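Observations on the three-dimensional arrangement
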Amino acid sequence: MRRWRLAAAGAAGLVLLATAGLVALDAADRAFPPPLEAASEISPEVFDAEGRLLRAFATRDGLWRLKTTAADVDPQFLRMLVAYEDRRFYAHGGVDPYAVLRAAGQLLTSGRIVSGASTLSMQVARLIEPRDSRSLLAKLKQMARAVQIERRLGKGEILDLYLTLAPYGGNLEGVRAASLAYFGKEPKRLSVAEAALLVALPQSPEARRPDRFPEVARAARQRVLGRETVATAVGEGEAERAALVGVPRERRQLPALAAHLAEAAVRLKPDERRHVTTLLKPIQQGLEAVAAAAVSGLPPKTSLAMVMADATTGAIVAEVGAADYFDVARSGWIDMTRVPRSPGSTLKPFIYGLAFEDGLVAQETIIEDRPADFSGYRPRNFDMRYQGDVSVREALQLSLNVPAVRLLEGVGPAKLMVRFRRAEVRPMLPAGEAPGLAIGLGGVGLTLKDLVQLYAGLANQGFPVLLGDGIRDQPRRLAAEPLLDPVAVWNVTDVLSDVLPPQGARKLGLAYKTGTSYGYRDAWSVGYDGRYVLGVWVGRPDNGAVPGITGYGTAAPLLFEAFARSGVAISPHPAPPSGAQRLALADLPIGQRRYAVTASGLVRSSTREAAPQIVYPPEGARVDLGARAGQEIAPLVLKLQGGRAPFRWLANGKPLSDLSRKRISEWQPDGAGYSTLTVIDAVGRAATVRVFIE
């Protein structure tokens, strides 16, 4: 009996001792937790709209440490890693006792370390808290830390830490950084040879760097492939085939696309490590390739910029701020997509659009291209020559200056600026100056992004599209009023889509316009299809002159090359809206056959411009609008020819509504009987008919 009491007391003592030990260990664990916060410092990364890496930044310590999870890497790599490094990873609690016993036995029998006993958890412990020496005490501390880590994190989280922190030579840390540097791709899809190399390198990252010691790296890879557990994991014969593949002999630069926008994204939210943009990587790569190829052909100190946007969403899909971000001589650090410059002739389509909208001209209207004096302003054509009488279509396609100024005088510079504000574009005017005729030839300041935003309204059938900043996924917003009438937009697009492409470029189905600023400081080209808009600028960031650059000769070839290399499928322009058509000169109303103005801007009254004439309803007509049936009377369509817009209609002596520039209007009669209809044009000429409403 006494023996049982002693045994029970001993057992109770052991339980108390074990409990006290566990309490002490738990207290020590809380008092000295593993420094997991050391793993929180990772590289900021900038991604495109579909999650593809555009650019990565080094950490403050100069390390390329890209956040990596098991979902980011090839599943076969994970199987090979666990098979080679820690095949009981999912079974142990941080320390593998079988591996410890095996390593101890090998040490005792051979007198040297034959294989280690480090688990992946122990390696993570070493990575977050590097040891000072390779002593037994350091190893015991590492084992204790591994147990602590296992108590706090799941197996998946531990594996993610290893994938992020494992060293791969130089300042590369983590599987993603290594895969991008050595293979030029994300580790989502790896060959057996690539996966084996990534398994082997962390054991001795500096000595096995393939860019410096390719044969050592190859031998290390072969040891991984030769491990029986690895060969089983990859399948029969795969290890032998992988052994025949060479190792990469150079280290690639990590992705550095969209340099300016990526930096802006990081500045906007400096505490975040993952930044998603609206860019699309394939398009961005295509435009940057065009920019890189163009650098050799540009004069010294000359840069370029490009912006491409989706007119259906307002998203910027590609943006190049400079010809070469790292080129100091070309001031590559300056983002020229955001710098106001003179837009040259690129605003002319909007002048013509207003003239089409107001009914001042049609495409085949004749307009004069001769020297003219507009109250002291004497515009001249780019080539200093004049074409005489040309059609409006030819004037826009040839980018003639005098006709554009004539039309701007007719529609009014202030009205043009109002339309720009509808698209939330506010051109910069010289201090204290009101908008004048010079704005039609580039006498304002606009950024490349502003210009693309304006042209996006043309691509979107006249409805303004407010572009995002490329960083935040902003919802599409439209202004309350249209930029231009859809019929006017169709006329502009129809004219611009027939401009010949630059020499050597094939016709892509783009509508485009070029511009060259005064003094050869800026060369522009902006083009659009049925969906995308692309703007190109070439010039010097310091605003110096670049003799010889022109919109057509310098910027337009880049526009067509960039569109071709962007990879986007060219979308056709929308079908003509109701009422849109291109009439021959002989089919135009008499008043639209020639646009001629006096020095004061008024249309000349001459035999070339007839007085207004009401063509429907004709004089004395009886028009059945349903008045006899006792139902609501239908409106009466009113049509006229000739005259000078705007027009004022009167019915029985009472004005119908506001002035109209359209030649087709409607009137709602009060009832049946005789009515007198009168129209008065801008210079006071009138026409009258008397009709009977039935």
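In what follows, the structure referred to is the one given above.
Residues numbered from 1 in each chain as written. Predicted model: local features only at pLDDT ≥ 70, side-chain atom pairs only at ≥ 80, totals over all residues. Heavy atoms only, no water.

**Re the overall build of the protein chain**
Scanning the protein chain for helices and strands turns up 20 helices and 21 strands. By residue count, 52% of the 694 residues in the protein chain fall in the buried class. Within the protein chain, contacts between residues at least 6 apart in sequence are counted, and of these 69% link residues at least 24 apart. Carbon and sulfur atoms make up 55% of the accessible area of the protein chain, which amounts to about 32,200 Å² in all. (Helix = DSSP H or I, 4+ residues; strand = E, 2+ residues; numbered from the N terminus. Buried < 20%, exposed > 50% of the residue type's maximum accessible area, 1.4 Å probe, protein only. Contact = heavy atoms within 4.5 Å. Areas by Shrake-Rupley, 256 points an atom, 1.4 Å probe, with all protein chains shown as cover.)

**Quick word on the pattern of salt bridges**
Summed over all chains, the structure comprises 35 salt bridges. With a shortest N-O distance of 3.7 Å, Glu263 and Arg55 are connected by a salt bridge. Remark: Arg55 occurs in strand β2 (residues 53–56) and Glu263 occurs in helix α12 (residues 259–268); sequence separation between them is 208 residues. Across the pair Lys415 and Asp358 runs a salt bridge whose closest N-O atoms are separated by 3.0 Å. A residue pair is termed long-range when its members are at least 10 positions apart, and Lys415 in helix α17 (residues 413–422) and Asp358 in the loop between α14 (348–357) and β8 (366–369) qualify at 57 residues. Salt bridges here are not isolated pairs; linked through shared partners, they connect Glu368, Arg370, Asp389, Arg406 and Arg594. (Salt bridge = Lys/Arg side-chain N within 4 Å of Asp/Glu carboxyl O.)

**Topic: the nonpolar core**
By size, the foremost hydrophobic cluster in this structure holds 73 residues, and its most contacted members are Phe350, Tyr528 and Val533. For this core, the element with the most residues is helix α18 (residues 448–459), which contributes 8 residues. Each residue touching Phe350, except ones within four places of it in the same chain, is listed here: Leu416, Phe420, Leu454, Tyr455, Leu458, Leu483 and Leu484. Counting 56 residues, the second largest nonpolar core, distinct from the first, contains Ile128, Tyr162, Val175 and Ala200. (Core = buried A, V, L, I, M, F, W, Y, C linked by side-chain atoms within 4.5 Å.)

**Remarks on the side chain of Arg176**
Residue position: Arg176 is located in helix α7 (residues 175–183). In this structure Arg176 touches Glu45, Phe47, Leu53, Leu66, Lys67, Thr68, Asp72, Glu186 and Pro187, once residues within four positions along its chain are discounted.

**A closer look at the packing of α14 against helix α19 (residues 486–496)**
Closest axis-to-axis distance for the α14/α19 pair is 8 Å, and the angle between their directions is 135 degrees. Put simply, α14 runs oblique to α19. Our pair here, α14 against α19, has a crossing hand that is right-handed. Listed contacts from α19 to Pro349, Tyr352, Gly353, Phe356 and Glu357 of α14 are Ala488, Asn491, Val492 and Leu496. Its residues placed into classes, the contact of α14 with α19 shows 6 nonpolar, 2 polar and 1 charged. (Axes fitted to C-alpha atoms, helices over the stretch in contact; angles between N-to-C directions. Parallel < 35°, antiparallel > 145°, perpendicular 65-115°, else oblique. Left-handed = near helix turned anticlockwise from the far one by under 90°. Nonpolar A, V, L, I, M, F, W, Y, C, P; charged D, E, K, R; others polar.)

**Some thoughts on the packing of aromatic side chains**
This structure, assessed with the given rule, holds 8 aromatic pairs. Ring geometry for Phe350 against Tyr455: centres 5.3 Å apart, planes inclined by 85 degrees, an arrangement best described as edge-to-face. Remark: Tyr455 occurs in helix α18 and Phe350 occurs in helix α14; sequence separation between them is 105 residues. The two residues Phe350 and Tyr455 agree in class, both being buried. Taking 5.0 Å as the distance between ring centres and 85 degrees as the angle between the ring planes, the aromatic pair formed by Tyr512 and Phe560 counts as edge-to-face. Of this pair, Tyr512 sits in strand β10 (residues 511–516) while Phe560 is found in helix α20 (residues 551–565), placing the two residues 48 residues apart along the sequence. Taking relative accessible area as the criterion, Tyr512 reaches 1% and is therefore assigned buried. On the accessibility criterion, Phe560 (5% relative accessible area) is buried. The rings of Phe350, Phe420, Tyr455 and Tyr528 are connected pair by pair, giving a single aromatic cluster. The residue whose ring lies beneath Arg55 is Tyr325, and the NZ or CZ to ring-centre distance is 5.6 Å. The ring of Phe692 carries the charged tip of Arg622 above its face, separated from the ring centre by 4.2 Å. (Phe/Tyr/Trp six-rings, centres within 6.5 Å; stacked < 30°, edge-to-face > 60°. Lys NZ or Arg CZ within 6 Å of the ring centre and 35° of its normal.)

**Thoughts on the packing of helix α4 (residues 120–128) against helix α5 (residues 136–152)**
Viewed as axis vectors pointing N to C, α4 and α5 meet at an angle of 105 degrees, and their least axial separation amounts to 8 Å. The pairing of α4 with α5 is recorded here as roughly perpendicular in orientation. Where α4 abuts α5, its residues Ser121, Met122, Val124, Ala125, Arg126 and Ile128 lie against Lys139, Gln142, Met143, Arg145, Ala146, Ile149 and Glu150. Each residue belonging to the contact of α4 with α5 can be placed in one class, and the counts come to 7 nonpolar, 2 polar and 4 charged.

**Remarks on the sheet that holds strand β6 (residues 303–310)**
Strand order in this open sheet of 5 strands is β7-β6-β12-β11-β10, and the pairing throughout is antiparallel. Looking at which strands have only one partner, the edges of the open sheet turn out to be β7 (316–320) and β10. The mean inter-strand angle of the sheet, taken between neighbouring strand axes irrespective of direction, is 5 degrees. Where β6 lies against β7, 4 bridges are found, and the strand directions are antiparallel. Pairing of Met308 across the sheet is with Ala318, part of β7. This element, α18, spans β6, β7, β10, β11 (522–528) and β12 (532–539) of the sheet and lies at about 150 degrees to β12. (Pairing = 2+ DSSP bridges.)

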